[in-house]
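Here is how the chains run, residue by residue.
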Amino acid sequence: MAWSAAVTTVEPAEEPITLDQVKEFVSIDATEAEFDTLLGGFIAAARGHLQAITGTRLVVQTVELQADSWSDLLCLPIGPVSDVVSVKYDDVDGVEQTIADTVYELTGAGLARGIRTKVGEGWPNSVRSVSGAIRVALTVGYDTLPPELETALLLMVSDQFAFRESGVVGMAAATIKSSMQLDGLIMNHRIWL
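Remember, it's a predicted structure, so these values are computed and weren't measured experimentally.

Visitor: Can you break down the overall build of the protein chain residue by residue, with the values?
Guide: Looking only at helices and strands, the protein chain has four helices and seven strands in total. From first element to last, N terminus to C terminus, the protein chain shows the α and β order β-α-α-β-β-β-β-β-β-α-α. Across its three principal axes, the protein chain shows a C-alpha extent of roughly 60 × 30 × 30 Å. Counting every atom, the protein chain has about 10400 Å² of accessible surface; 52% of that belongs to carbon and sulfur.

See the structure below:
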């Protein structure tokens with residue numbers, strides 16, 4: 001299977017957790033604004049890191065992936081997928097073609113999704129023999145973030161905030177405990193390929 005890294009083409013409208021949630025979690029008064037910018041950066045960083053290690057997108061967005069063969073589409077490397085926006089490919093002459101959405105369907109459930117042709121349909125044989133000749137645009141992300149992932153994000157942001165200064169004594173011991181918690185929280189929300 002040969003997939004490219006997902007490229008976000010439509011960014012999420014908001015972060016999966018709010019500044020108010022983080023402030024409550026780290027015991028900062030809701031009216032205190034001194035750390036708002038810092039915490040906002042930590043939220044975005046934690047989201048990016050958690051998405052990278054789980055293969056999921058935590059908030060709804062549109063991504064594009066490239067594949068080398070039609071068989072790659074049977075198991076999508078990202079999730080949760082709610083919609084296939086488009087399936088395109090370069091034909092043998094290098095001309096981009098778009099496949100009608102009447103030809104294919106989204107299969108599976110949860111994080112185990114794929115795209116296959118409908119009964120009586122088939123993928124074109126005229127795909128250019130180059131890496132990434134097939135492009136799939138998908139709507140991915142959770143409409144409602146699972147509580148385990150929300151807690152994992154809050155723990156990550158809390159750790160970043162608590163250990164934001166370099167040279168904090170005991171940092172390694174504190175982060176090991178959190179890492180063990182994170183593994184347990186996210187293990188059922190990973191895409192394993």
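Visitor: For the side chain of R135, give the residues involved together with the corresponding values.
Guide: Along the chain, R135 falls in strand 7 (residues 134–140). The buried category is assigned to R135, whose relative accessible area is 10%. Reaching out from R135, the side chain makes a polar contact with the backbone oxygen of A133 at a distance of 3.3 Å. Not counting residues up to four positions away in its chain, the partners in contact with R135 are E64, L65, Q66, S86, V87, K88, Y89, D90 and E96.

Visitor: Pulling in residues and values, what's your account of the packing of helix 2 (residues 36–54) against helix 3 (residues 147–162)?
Guide: With their axes 9 Å apart at the nearest point, helix 2 and helix 3 run at an angle of 130° to one another. Comparing the axis directions of helix 2 and helix 3 gives the class oblique. Relative to helix 3, the crossing made by helix 2 is right-handed. Judged by residue contacts, L38, L39, F42, I43, A45, A46, R47, H49 and L50 of helix 2 engage L149, A152, L153, M156, V157, Q160 and F161 from helix 3. Looking at the contact of helix 2 with helix 3 residue by residue, the classes come out as 13 nonpolar, two polar and one charged.

Visitor: Explain the sheet that holds strand 1 (residues 7–10) residue by residue, including any values.
Guide: Taking strand neighbours across the sheet as the criterion, the five strands line up as 1-2-7-3-4 in an open arrangement whose pairing is antiparallel. A single partner strand is all that each edge strand has here, and the edge strands are strand 1 and strand 4 (96–98). Averaged over all adjacent pairs, the angle separating strand axes in this sheet is 30°, with direction ignored. Where strand 2 (residues 61–67) and strand 7 come together, seven bridges link them in antiparallel fashion. Residue pairing in the sheet places L65 in a bridge with V136 of strand 7.

Visitor: Break down unusual backbone geometry for me, citing the residues and quoting the values.
Guide: In this structure, P80 follows G79 across a cis peptide bond, with omega equal to -15°. You can see P80 is positioned in the loop between strand 2 and strand 3 (81–90). Positioned with a positive phi, S27 is a non-glycine residue whose angle comes to about 60°. Examined against the element boundaries, S27 turns out to sit in the loop between helix 1 (19–25) and helix 2. The exposure class assigned to S27 is exposed, which follows from its relative accessible area of 68%.

Visitor: Talk me through the nonpolar core; I want residue IDs and the actual numbers.
Guide: For soluble globular proteins, the rule of thumb is that nonpolar side chains tend to be buried together. Counting residues in hydrophobic clusters, the biggest one holds 25 residues, and the most contacted among them are V22, L50 and V157. Contributions of two or more residues to this core are made by helix 2, helix 3 and helix 4 (171–186). Formed by 23 residues, the second largest nonpolar core is a distinct cluster that contains W3, V63, Y89 and A133.

Visitor: So what's going on with the pattern of salt bridges? Which residues, and what values?
Guide: The full count for this structure, using the stated rule, is six salt bridges. The salt bridge involving E105 is made with R116; its shortest N-O contact spans 2.9 Å. One end of the pair, E105, is in strand 5 (residues 104–109); the other, R116, is in strand 6 (residues 112–117), and 11 residues separate them in sequence. Overall, the relative accessible area of 27% leaves E105 in the partly exposed class. Put simply, D183 and R190 hold a salt bridge, and the shortest N to O gap is 3.8 Å. Take D183: its relative accessible area is 45%, and that puts it in the partly exposed class. Taken together, the shared-partner salt bridges connect D90, E96 and R135 into one network.

What counts as what
Residues numbered from 1 in each chain as written. Predicted model: local features only at pLDDT ≥ 70, side-chain atom pairs only at ≥ 80, totals over all residues. Heavy atoms only, no water. Helix = DSSP H or I, 4+ residues; strand = E, 2+ residues; numbered from the N terminus. Areas by Shrake-Rupley, 256 points an atom, 1.4 Å probe, with all protein chains shown as cover. Buried < 20%, exposed > 50% of the residue type's maximum accessible area, 1.4 Å probe, protein only. Polar contact = N/O pair within 3.5 Å; in protein donor to acceptor, adjacent residues only side chain to side chain. Contact = heavy atoms within 4.5 Å. Axes fitted to C-alpha atoms, helices over the stretch in contact; angles between N-to-C directions. Parallel < 35°, antiparallel > 145°, perpendicular 65-115°, else oblique. Left-handed = near helix turned anticlockwise from the far one by under 90°. Nonpolar A, V, L, I, M, F, W, Y, C, P; charged D, E, K, R; others polar. Pairing = 2+ DSSP bridges. Core = buried A, V, L, I, M, F, W, Y, C linked by side-chain atoms within 4.5 Å. Salt bridge = Lys/Arg side-chain N within 4 Å of Asp/Glu carboxyl O.

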